[in-house]
Amino acid sequence: MKFSKMAASLLAGSMLALAAPALANDVVIHAGTLIDGVSRTPRTKVSIIIKDDRIVAIEAGFVTPEGAEVIDLSAETVLPGFIDCHDHITGGNARRDLLRGTPEKQVYEAMVNLRATLRAGFTTIRDVGGNVDVLRALKDGLRVGQVVGPRMWVAGFSIVPTGGHGDIYNSIDSTWKRTDDLLTLPVISGKYEARKAVREMQKRGADLIKITVTGGVASHNTDVNIQTMNDEEITSVVDTAHMLGLKVAAHAHGKPGIDAAIRDGVDSIEHGTYSDAETYKLMKAHGTFMVPTLFAGFEIAEETRKNPDKFAPDVVWKAQHVTPTMSSNAYNAWKAGVKIALGTDQLGYRPHGSNAFEFQYMVEAGIPAMDAIMAGTSSAAELIGVPQDIGSVQAGRFADIVAVKGDPLKDIKVLQSVDFVMKGGAVFKRDGRMVVPK
């Protein structure tokens, strides 16, 4: 049985009780405090008027249009739905277990992860590395209401240089063979293979392209400081992707790879650990985003401390040494005026749905709370390329709205306890409890 057919059967059978979210038609939210994702000054006592899946107006005071359902959030802080620009929604046991982690298992794990992520207030994610066929099936399930979760933009499999970070054949038995999706991983050598890999990912459903330009922390026998994809290969990816209307996200830790990727035209640097003042000037000149992914740094450092025997010694060393540098890079990039977008790079060692810890880590690194919130709302929407639809509470945008009890500008940790979640005009969480729209 082809995976596409099997996935469809799994999705339909396991989520049969879920119907496509019914829109509430006319709704008004009474917001005690509104942080709209655009203005640096919160507003108090405003009404957000919603028609079907879109916001149609923001009005001062608490108004109640005739016939509209009133959602009373007058005692809460209301914000745009959060956006994670570097997620791995299939991350978990099935993805890490190369022998038994089948695509079908990834579907089930990802469905749980998606629900947890939405419950945490993240109404949009950008998945930058996973089984493209699984991700496309999940997107289809979200579209028709068979799956509960955030909106998704997906890269599919990362395009990686032979032997680089993400090449799953690194350091394993060279005679080991599989006959499924792992044989179609885009491991490339040279500009022609790079170009073909972009087209293959786009054909299979990718909304953006992910490349790995340097070694990685969690991969054995790859040096984070060494550039592993050359300029010719990067340029081939970027030119082909941009021709097809796709953005390019570049995994890069070391300065040589980061600077090369920026000069070669990528749209975002993921991690950017060993950037410096010269790098930040390049990023500003090219309009390149930084996605610091502090969550992943803390996650892998924590896991390697708890279970060092699960990892190769070089992975343990990198995990313990890179994390503090990631935090200082996030602050230095923000201070230099680089555009910052929130991304967690959740690896699945902690439960999915912990995304909002990234806000805390950004603030602890020295970034002001309002800037951290904008990184996870309007700036993230700009990076994805759809600020006219998501990332802010403004007329014309999707009614993606969350609410918390407390003031996140005084205590950013309150964003880890979202009380209310609306996506596209449909309520998925109310009074701290998940609900299934009827």
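Residues numbered from 1 in each chain as written. Predicted model: local features only at pLDDT ≥ 70, side-chain atom pairs only at ≥ 80, totals over all residues. Heavy atoms only, no water.

Chemist: Sorry, what's going on with the overall build of the protein here?
Modeler: From N to C terminus, the protein includes 13 helices and 18 strands. Expressed as a percentage of the 438 residues in the protein, the buried residues total 56%. Here the contacts in the protein between residues at least 6 apart in sequence split such that 70% fall between residues at least 24 apart. Accessible surface, the protein: about 17,400 Å² in total, of which carbon and sulfur atoms supply 52%. (Helix = DSSP H or I, 4+ residues; strand = E, 2+ residues; numbered from the N terminus. Buried < 20%, exposed > 50% of the residue type's maximum accessible area, 1.4 Å probe, protein only. Contact = heavy atoms within 4.5 Å. Areas by Shrake-Rupley, 256 points an atom, 1.4 Å probe, with all protein chains shown as cover.)

Chemist: What is the right way to read unusual backbone geometry from this model?
Modeler: Glycine aside, residues mostly have negative phi, and peptide bonds are mostly found in the trans state. In this model, Asp345 sits at a positive phi of 60°, which is unusual for a non-glycine residue. Relative to the elements of secondary structure, Asp345 occurs in the loop between β14 (339-340) and α11 (357-364). For Asp345, a relative accessible area of 9% gives the class buried. Even without being a glycine, Asp431 presents a positive backbone phi close to 55°. Mapped onto the fold, Asp431 is located in the loop between β17 (426-430) and β18 (433-434).

Chemist: Is there a simple way to explain the sheet that holds strand β5 (residues 82-87) in this structure?
Modeler: Within a sheet, each strand pairs with its neighbour through backbone hydrogen bonds, oriented either parallel or antiparallel. The sheet built from 3 strands is open, its strands ordered β5-β6-β7 with parallel pairing. In this open sheet, the two edge strands, each paired with only one partner strand, are β5 and β7 (151-154). Across this sheet, the average inter-strand angle for adjacent strands is 15°, counted without regard to direction. Where β5 meets strand β6 (residues 122-127), 4 bridges bridge the pair, whose relative direction is parallel. Counted as the bridge partner of Ile83 is Thr124 from β6. Helix-sheet contacts for helix α4 (residues 132-144) involve β6 and β7, and the interaxial angle to β7 is about 155°. (Pairing = 2+ DSSP bridges. Axes fitted to C-alpha atoms, helices over the stretch in contact; angles between N-to-C directions.)

Chemist: So what exactly am I meant to see when it comes to the pairing of β6 here?
Modeler: Along a regular strand, successive side chains alternate from one face of the sheet to the other. The element β6 is extensively covered by neighbouring structure, given that 6 of its 6 residues are classed as buried. Following the backbone out of β6, through α4 and into the adjacent parallel β7, one traces a crossover that is right-handed. (Right-handed = clockwise from strand over helix to strand, strands pointing away.)

Chemist: Looking at this model, I keep getting lost on the pairing of strand β1 (residues 26-34). Mind explaining?
Modeler: In terms of residue burial, β1 counts as a mostly covered element, since 7 of its 9 residues are buried. Judged from the 8 bridges that link them, β1 and strand β2 (residues 43-51) form a sheet pairing that is antiparallel. What sits directly across from Asp26, in β2, is Lys51. With 7 bridges joining them, β1 and strand β4 (residues 69-80) adopt parallel strand pairing. What sits directly across from Val28, in β4, is Val70.

Chemist: Is there a simple way to explain the pattern of salt bridges in this structure?
Modeler: Side chains that carry opposite charge are capable of pairing whenever their charged atoms lie near each other. Scanning the model with the defined rule gives 19 salt bridges in all. Measuring nitrogen to oxygen at the nearest pair gives 2.8 Å for the salt bridge that ties Arg54 to Asp389. Of the two residues, Arg54 sits in strand β3 (residues 54-60) while Asp389 sits in the loop between α13 (378-384) and β15 (401-404), which places them 335 residues apart along the sequence. The class of Arg54 is partly exposed, set by a relative accessible area of 26%. By relative accessible area, which is 17% here, Asp389 ends up buried. Arg136 serves as the salt-bridge partner of Asp133, at 3.9 Å between the closest nitrogen and oxygen. Residue Asp133 and its partner Arg136 are located together in helix α4, separated by 3 residues, close to a single helical turn. Given the relative accessible area of 35%, Arg136 is considered partly exposed. Three or more residues joined by partner-sharing salt bridges are found here, namely Asp133, Arg136, Glu200, Lys203 and Arg204. (Salt bridge = Lys/Arg side-chain N within 4 Å of Asp/Glu carboxyl O.)

Chemist: Is there a simple way to explain the environment of Arg136 in this structure?
Modeler: Put simply, Arg136 and Trp153 are 17 residues apart on the chain and 9.6 Å apart in space, counted from C-alpha to C-alpha. When residues no more than four places from it in sequence are discounted, the contact partners of Arg136 are Lys203, Arg204 and Gly205. Among the polar contacts listed, one links the side chain of Arg136 to the backbone oxygen of Arg204, at a separation of 3.3 Å. (Polar contact = N/O pair within 3.5 Å; in protein donor to acceptor, adjacent residues only side chain to side chain.)

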